[in-house]
Amino acid sequence: MSKAIQTVQRKASLTYSLFDPAPCNFPVSRVPLLPCLRGGAGISDAKNASFELVGRNRVSRLYTRGRYALYEAYRLCGVGPESGLLAPAYHCRTMLDPAISLDARVSLYPLSLSLAPDLSKIEGYLSTLQQRPRAMLLTHYFGFPQDAAKVKAFCDRHGMALIEDCSHALFNHREAPQLGQHGRYTIASPYKLLPCEEGGLLIAADGQDFDPRHPKRPGLVTEIKTLATALARIGHDRKRRIRQADIDLLPEAVTHLQSRKLARGIELSSRQPQVSSLYLQAEASMAGSIASRLLIKISSLPQAVAKRRENYLAWHRNMQNLPHCKPLFTALPDGCAPYMFPLLIDFPQDHFYALKTMGMPIWRWDDMAWSSCSTAQKYRQHLLHLPCHQSLSEAEMRWMMSAVTLVMTRIPQRGNS
Ligand SMILES: Cc1ncc(COP(=O)(O)O)c(C=O)c1O
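Computed from a predicted structure; not experimentally measured.

**Things to note about the overall build of the chain**
Counting its secondary structure elements, the chain contains 13 helices and 16 strands. Expected size for 417 residues packed as a compact globule is a radius of gyration near 22 Å; at 21 Å, the chain falls within 12% of this value. Reported as C-alpha extents along the three principal axes, the dimensions of the chain are approximately 60 × 50 × 40 Å. Going through the 417 residues of the chain one by one, you find that 57% of them count as buried. At a minimum sequence separation of 6, the contacts of the chain that also span at least 24 residues come to 78%. When the accessible surface of the chain is summed, it comes to about 18,000 Å², and 52% of that surface belongs to carbon and sulfur atoms.

**Let's talk about helix 10 (residues 301–319)**
Taking 1.5 Å per residue as the helical rise, helix 10 with its 19 residues ought to reach 27 Å, and the 27 Å between its terminal C-alpha atoms agrees with that figure. Considered for burial, the residues of helix 10 that qualify are Leu-301, Ala-304, Val-305, Arg-308, Arg-309, Asn-311, Tyr-312, Ala-314, Trp-315, His-316 and Met-319. A side-chain oxygen of the first residue of helix 10 lies 3.2 Å from the backbone nitrogen of Gln-303; this N-cap is Ser-300.

**As for the site of the ligand**
Around the ligand sit 14 residues, and of these Gly-66, Arg-67, Asp-165, Ser-189 and Tyr-191 come closest. A distance of 2.6 Å separates an oxygen atom of the ligand from a polar backbone atom of Gly-66. Between an oxygen atom of the ligand and a side-chain N or O atom of Ser-189, the distance comes to 2.7 Å. In isolation the ligand offers 390 Å² of accessible surface; the protein chains occlude 94% of this area. At the level of elements, helix 1 (66–76), helix 2 (93–101) and helix 5 (190–193) are the ones that each hand at least two residues to the shell around the ligand. Class assignment of the residues belonging to the shell around the ligand gives a composition of 4 nonpolar, 6 polar and 4 charged.

**A few points about the sheet that holds strand 16 (residues 383–387)**
Sheets are built from strands that pair by backbone hydrogen bonding, the pairs being arranged parallel or antiparallel. Spatial strand order, 13-14-16: 3 strands in an open sheet with antiparallel pairing. In this open sheet, the two edge strands, each paired with only one partner strand, are strand 13 (325–327) and strand 16. On average, each strand axis in the sheet is inclined to that of its neighbour by 30 degrees, with strand direction left out of account. Sheet analysis places strand 14 (residues 340–345) next to strand 16, joined by 5 bridges and oriented antiparallel. Residue pairing in the sheet places Leu-343 in a bridge with Leu-384 of strand 16.

**Details of the sheet that holds strand 12 (residues 266–270)**
Strand order in the open sheet made by the 3 strands is 12-2-15, with antiparallel pairing throughout. If you trace the sheet from one side to the other, it starts and ends with strand 12 and strand 15 (368–369), each paired once. Pairing of strand 2 (residues 16–20) with strand 15 involves 2 bridges; the strand directions are antiparallel. Pairing of Ser-17 across the sheet is with Met-368, part of strand 15.

**A closer look at the packing of aromatic side chains**
Counted by the stated rule, this structure contains 17 aromatic pairs. Considering the side-chain rings of Tyr-90 and Tyr-379, the 6.0 Å spacing of their centres and the 85 degrees angle between planes classify their relative orientation as edge-to-face. Residue Tyr-90 is found in the loop between strand 5 (85–88) and helix 2, and its partner Tyr-379 is found in helix 12 (residues 374–382); the two are separated by 289 residues along the sequence. For Tyr-90, a relative accessible area of 0% gives the class buried. Note on Trp-315 and Phe-341: the rings are 5.5 Å apart at their centroids and 5 degrees apart in plane angle, and the pair reads as stacked. Linking Trp-315 in helix 10 with Phe-341 in strand 14, this pair joins segments that are 26 residues apart in sequence. Neither residue differs from the other here; Trp-315 and Phe-341 are each classed as buried. A connected cluster of aromatic rings, assembled from ring pairs, spans Tyr-90, Tyr-141, Phe-142, Phe-144, Tyr-312, Trp-315, Phe-329, Phe-341, Trp-365 and Tyr-379.

**Details of the packing of helix 11 (residues 348–357) against helix 13 (residues 394–410)**
Running from N to C, helix 11 and helix 13 cross one another at 145 degrees; their axes reach a closest spacing of 10 Å. Regarding helix 11 and helix 13, the two cross each other, and that crossing is right-handed. Contacts between helix 11 and helix 13 involve His-351, Ala-354 and Leu-355 from the former and Ala-403, Val-404, Val-407 and Met-408 from the latter. Split into classes, the residues belonging to the contact of helix 11 with helix 13 amount to 6 nonpolar, 1 polar and no charged.

**Section: the pattern of salt bridges**
Oppositely charged side chains are able to pair whenever their charged atoms sit close together. According to the stated counting rule, one finds 15 salt bridges in the structure shown. Across the salt bridge formed by Glu-72 and Arg-75, the nearest N and O atoms sit 2.8 Å from each other. One end of the pair is Glu-72 and the other is Arg-75, both in helix 1 and 3 residues apart, which spans about a single turn. The residue Lys-307 makes a salt bridge to Glu-310 at a minimum N-O spacing of 3.3 Å. Taken together, the residues span about one helical turn, with Lys-307 and Glu-310 both in helix 10 at a distance of 3 residues. For Glu-310, a relative accessible area of 47% corresponds to the partly exposed category. Salt bridges sharing common partners tie together Glu-52, Arg-56 and Arg-174.

**Re the state of the cysteines**
Per the stated rule, a full pass over the model turns up 0 disulfides. Looking at the unpaired Cys-77, the closest cysteine sulfur is the one in Cys-155, lying at 9.9 Å. Of all cysteine sulfurs, the one in Cys-336 lies closest to Cys-388, which takes part in no disulfide; the gap is 9.1 Å.

**Topic: the environment of Ser-402**
For Ser-402, the location among the structural elements is in helix 13. For the pair Ser-402 and Asn-318, spaced 84 residues apart in sequence, the C-alpha separation works out to 8.9 Å. When near neighbours in sequence (up to four residues on either side) are disregarded, Ser-402 contacts Ile-247 and Leu-250. Engagement of the side chain of Ser-402 in a polar contact is seen with the backbone oxygen of Arg-398, the distance being 2.7 Å.

Rules used throughout
- Residues numbered from 1 in each chain as written.
- Predicted model: local features only at pLDDT ≥ 70, side-chain atom pairs only at ≥ 80, totals over all residues.
- Heavy atoms only, no water.
- Helix = DSSP H or I, 4+ residues; strand = E, 2+ residues; numbered from the N terminus.
- Rg over C-alpha atoms; globule rule 2.2 N^0.38 Å.
- Buried < 20%, exposed > 50% of the residue type's maximum accessible area, 1.4 Å probe, protein only.
- Contact = heavy atoms within 4.5 Å.
- Areas by Shrake-Rupley, 256 points an atom, 1.4 Å probe, with all protein chains shown as cover.
- Expected span 1.5 Å × (residues − 1).
- Polar contact = N/O pair within 3.5 Å; in protein donor to acceptor, adjacent residues only side chain to side chain.
- Near = heavy atom within 4 Å.
- Nonpolar A, V, L, I, M, F, W, Y, C, P; charged D, E, K, R; others polar.
- Pairing = 2+ DSSP bridges.
- Axes fitted to C-alpha atoms, helices over the stretch in contact; angles between N-to-C directions.
- Phe/Tyr/Trp six-rings, centres within 6.5 Å; stacked < 30°, edge-to-face > 60°.
- Left-handed = near helix turned anticlockwise from the far one by under 90°.
- Salt bridge = Lys/Arg side-chain N within 4 Å of Asp/Glu carboxyl O.
- Disulfide = S-S within 2.5 Å.

Have a look at this one:
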């Protein structure tokens, strides 16, 4: 078997590397990680729209989350106990959970430093197998389109269905759509890119035998609960707004951190045969709520895209010359609507902890199945996902960029990369 690919022989042998942050008592983040309903939330102007939702003219179903749309995509492609899934080595648990729920064998494929599939290594691995995986998952990480046409041709050659993972990528340029054009199925997570509480889209390519009617609609109680959660979040967000005084206090906060010994999280390894706690079987066939459907429909996509690009570029400008970190991508392609700003840091043991202790909003995929892909193994601790969404205020952007700048320039690194 090729060393480049970690084959997981049935779910029982998945080995996860986990990070338990409990001893650190990190505070709640000071800034929302995902977009929320705020005063400036834009309403769609359909006449003037240069962007459209991925799969807009295709048949689709709305689930509560992308993970449940993935379950159905895997199932429809024939992934199950007798036929496996080829998934990227850099992943979150909810990308694998649906395949585990189907009792399928999962193989993790290697990625380049820019998170593109390493097709030559995958080719070598496939040639050693008696039975090919039934489907390959291609993730458009952080909203940056992959070369899906090339991967589709590869899948065709090897008898696999391509599933496009647009969980980070919702917006297609009307004139030159790049997302969801090649997958037999495409999934997306509108709640990550628009201010709705939930939403997971399953989109079928033209010509698929696919029923857009949803088997299970949420009841009135669930609808009301979803709406109430959205309203509660507005109140909560209002309370934690960043002001100029918070920005002025940052240098002092960093000075205080310089002299503090921070508690460490716990690194664990675990062989869990089941799905993670993020995957709820009871929710798997449930339709997304009416409130989410409505918000997806009325949100202004051009405004969301423009603001995301503006914030992303501000991050890039401010981070590119800092010591001990660098943006994952060197440029923002035209028409790309970024989901987050991915920042690689050299010394997570010092700088990740310091930033989290200050209340920095950070996602990191530190709960991941082990593989021999060096990119995935490194990025698990070193790659930070930082928000650049459309609901961020100017003060929040300034606070986050100042916090990272101060930490990178003033918190000493102890050579523990
Ligand atoms: C790349 C990617 N794909 C799929 C998923 C699952 O999406 P959802 O959170 O909508 O279930 C996630 C979740 O974080 C993700 O990051």
